[in-house]
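Fold and geometry: a report
So the chains spell out like this:
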Amino acid sequence: MKVKVISVLEDNYMYLIIEEHTREAVAVDVAVPKRLLEIAGREGVSLTTVLTTHHHWDHTRGNAELVHLQPGLAVMGADERICALTRRLAHGEELQFGAIHVRCLLTPGHTSGHMCYFLWEDECPDPPALFSGDALSVAGCGWHLEDTAQQMYQSLTKTLGTLPPQTKVFCGHEHTLSNLEFAQKVEPCNNHVRAKLSWAQVRGTMMTYLPCLRHWARSSCTTLS
Ligand SMILES: [Zn+2]
């Protein structure tokens with residue numbers, strides 16, 4: 001599995017996931033469709049599916065244009081409000097793209113129909129990956145806009161918190177520095193926060209220049225551990 005991390009809009013991430021044997025590709029949260037198709041064309045892959053984490057415009061605004069440019073594309077998500085949706089997914093549902101397995105994890109809190117996608121490949125040394133939208137970012141999470149804090153807590157601690165600790169998290173926004181700066185104000189003596197903030201400050205200058213990185217060596221993902 002190869003993941004292309006594509007920085008879009010002010011601080012969003014759009015992703016292109018490539019099954020390296022079949023050259024099938026799946027996109028996550030399409031905001032800028034022409035750019036996505038350019039990258040898919042350069043990679044020589046066949047884009048078949050869009051996985052959408054939630055209905056907010058900065059995660060779905062490209063769906064209609066993408067379907068217009070590439071008719072027949074499957075647009076999946078858990079919320080009827082997602083633009084150009086062709087298939088509504090349920091919690092726990094599993095999908096497969098060649099060797100890539102996808103488990104759909106409903107994570108209400110930010111929105112009532114927020115879905116995270118947990119991906120893994122059988123017999124592959126790469127760790128599994130989580131595409132977390134606005135449910136979980138590096139050192140933070142999205143506002144709970146449509147559900148209670150208790151539901152969000154359940155989503156973060158039970159649904160996502162019990163995934164394997166080596167899982168790599170690909171989030172919907174680049175908020176790492178601001179999240180950690182806030183965390184340091186709240187907990188000035190927390191050594192984990194201090195160390196992660198130093199890590200982010202070093203990488204912060206690189207993020208603008210490295211939108212596409214191979215496998216797991218990237219600045220925009222972190223682990224659950
Ligand atoms: Zn959102």
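Residues numbered from 1 in each chain as written. Predicted model: local features only at pLDDT ≥ 70, side-chain atom pairs only at ≥ 80, totals over all residues. Heavy atoms only, no water.

Remarks on the coordination of the zinc ion
Coordination of the zinc ion by the protein involves H54 (NE2), H56 (ND1), H110 (NE2) and D134 (OD), with metal-donor separations of 2.2 to 2.3 Å. Around the zinc ion, the 4 donor atoms sit at angles spanning 88 to 175 degrees, and that spread fits a shape best called irregular. Here the donor residues of the zinc ion are spaced in sequence according to H-x1-H-x53-H-x23-D. Residue H56 is located in the loop between β4 (46-51) and α2 (57-60), and its partner H110 is located in the loop between β8 (100-106) and β9 (115-121); the two are separated by 54 residues in the primary sequence. (Donors = N, O, S within 2.8 Å, 3.2 Å for Na, K, Ca; no water. Tetrahedral: all angles 85-135°; square planar, octahedral: opposite > 155°, others 65-115°. Helix = DSSP H or I, 4+ residues; strand = E, 2+ residues; numbered from the N terminus.)

Describing the state of the cysteines
On inspection of all chains with the given rule, the structure shows 0 disulfides. Residue C104 stays outside any disulfide, its sulfur separated by 10 Å from that of C116, the closest cysteine. Not engaged in a disulfide, the cysteine C141 finds its nearest cysteine sulfur in C116; these two sulfurs lie 11 Å apart. (Disulfide = S-S within 2.5 Å.)

What to know about the nonpolar core
Residues Y15, L51, L95, V102, Y117, L119 and F131 are the most contacted members of the largest nonpolar core, which totals 24 residues. Where this core is concerned, the elements lending two or more residues are β1 (2-8), β2 (12-19), β3 (24-28), β5 (74-77), β7 (94-97), β8, β9 and β10 (129-133). Each residue touching V102, except ones within four places of it in the same chain, is listed here: L51, E93, E94, L95, F97, Y117, F118, L119 and W120. In this structure, I6, A40, V45 and I82 belong to the second largest nonpolar core, which totals 19 residues. (Core = buried A, V, L, I, M, F, W, Y, C linked by side-chain atoms within 4.5 Å. Buried < 20%, exposed > 50% of the residue type's maximum accessible area, 1.4 Å probe, protein only. Contact = heavy atoms within 4.5 Å.)

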